Amino acid sequence: MNKIVIAIDGYSGCGKSSTAKAVAKDLGYTYIDSGAMYRAATLHFLNSFLSPANPHDVEKGLKSLEISFHLNPDTLKQETYLNGLNVENEIRSMRISNKVSEIATIAAVRKELVAQQQRLGKKKGVVMDGRDIGSVVFPNADLKVFMTADLDTRAVRRQDELLEKGELVDLADIKANLAERDRVDSSRAESPLKKMPDAVEVDTSNSTFAEQVGKIVHIARQIIDKQESYAGNH
Ligand code: CDP
Ligand code: CDP
């Protein structure tokens, strides 16, 4: 079967990664969480006491940064590793959420991570979510999705997620973090978050999880069928 590349971009906490993961599972594709890579890079800079404002520190940090994804054999969930250590839980903490958008504005960091993401997606059959996937990482993606949801809904969902991981965070703090990251991510000079003209917008504020997954899988299958019938006729 013909394999395609699906790029899912959008605001913080609107359901991109969980939806992308479910879409990938349904299609038998690989899911790549580009946000996890920026989060792991942020943890690396914090742990190494490297200053993102100092270009030498940034260079040093990138040279010693190795990010990989491995399947947990018990939960069958993909987990993020930084220099050989499992950092899946740590990178989702508020400590990292409060710093990640600053690290993601650094051009050298983006250049390195985008190159890694492009290598990971080379074989197609990939669903990747982030902020610049349809615009910079895979500008020729076969399907581009732009996800949105209202801020209150996103904050409540993120609070539930953090609680499940044992971190109790005030709703107002989560809302402030999401709003601030949306602001920084949309206004930065380097590949800002924006809806591409060829992206399909999916607002998850009032949809069920199954509905949004079903909608994206449906569009993806239509594209795959179209490409296959085109290939069959040529
Ligand atoms: O899951 P959540 O929406 O909270 O964020 P994430 O996808 O884990 O991404 C964390 C941060 O990394 C974002 O707020 C962006 O600052 C940055 N990021 C980015 O700049 N480009 C990407 N392709 C993915 C994430
Ligand atoms: O990746 P992003 O930050 O955009 O969102 P996420 O990490 O997937 O978090 C969204 C959370 O909202 C997850 O816990 C989802 O299960 C939940 N959710 C959703 O995505 N869509 C709904 N319609 C309802 C809940």
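Residues numbered from 1 in each chain as written. Chains lettered and ligands numbered in written order. Predicted model: local features only at pLDDT ≥ 70, side-chain atom pairs only at ≥ 80, totals over all residues. Heavy atoms only, no water.

*Asks:* Could you give an account of the pattern of salt bridges, naming the residues involved and the relevant values?
*Replies:* Scanning the entire structure with this criterion turns up 15 salt bridges. The salt bridge partner of R95 is E90, with a shortest N-O separation of 3.9 Å. Residues joined by salt bridges that share partners form a network here, namely D33, E88 and R92. (Salt bridge = Lys/Arg side-chain N within 4 Å of Asp/Glu carboxyl O.)

*Asks:* How would you sum up the packing of aromatic side chains? Please name residues and give values.
*Replies:* Inspection of the entire model under this criterion finds 1 aromatic pair. A centroid spacing of 5.7 Å and a plane angle of 85° characterise the contact between Y11 and F146, whose relative ring orientation is edge-to-face. In this pair, Y11 sits in the loop between β1 (5-10) and α1 (16-27) while F146 sits in strand β7 (residues 143-148), placing the two residues 135 residues apart along the sequence. Exposure remark for F146: the relative accessible area of 6% places this residue in the buried category. (Phe/Tyr/Trp six-rings, centres within 6.5 Å; stacked < 30°, edge-to-face > 60°. Helix = DSSP H or I, 4+ residues; strand = E, 2+ residues; numbered from the N terminus. Buried < 20%, exposed > 50% of the residue type's maximum accessible area, 1.4 Å probe, protein only.)

*Asks:* Any chance you could break down the site of ligand 2 for me, citing the residues and the numbers?
*Replies:* Near ligand 2 lie 16 residues; those nearest to it are K16, S17, S18, R158 and S207. Take S207: an N or O atom from its main chain is 2.8 Å from a nitrogen atom of ligand 2. Taken by itself ligand 2 offers 540 Å² of open surface, and the protein chains cover 79% of this. When residues of the shell around ligand 2 are traced back to their parent elements, those giving at least two are α1, α7 (151-164) and α9 (209-233). (Near = heavy atom within 4 Å. Polar contact = N/O pair within 3.5 Å; in protein donor to acceptor, adjacent residues only side chain to side chain. Areas by Shrake-Rupley, 256 points an atom, 1.4 Å probe, with all protein chains shown as cover.)

*Asks:* Outline the site of ligand 1, supporting the account with residue identities and numerical values.
*Replies:* Contacts to ligand 1 come from 19 residues, most closely from R39, R110, R181, D185 and R188. Within the backbone of G13, an N or O atom sits 3.1 Å from an oxygen atom of ligand 1. Take S34: an N or O atom from its side chain is 3.0 Å from a nitrogen atom of ligand 1. Within the complex, the protein chains bury 98% of what would otherwise be the 530 Å² of accessible surface of ligand 1. Elements supplying a minimum of two residues to the shell around ligand 1: α2 (34-47), α4 (94-103) and α8 (171-187). Residue classes in the shell around ligand 1 are distributed as 4 nonpolar, 6 polar and 9 charged. (Nonpolar A, V, L, I, M, F, W, Y, C, P; charged D, E, K, R; others polar.)

*Asks:* With reference to specific residues and values, describe unusual backbone geometry.
*Replies:* One non-glycine residue, L76, lies in the positive phi region at around 60°. With respect to the helices and strands, L76 occurs in the loop between β3 (67-71) and β4 (78-82). Here the phi dihedral of K124 falls at roughly 60°; this positive angle occurs in a residue that is not glycine.

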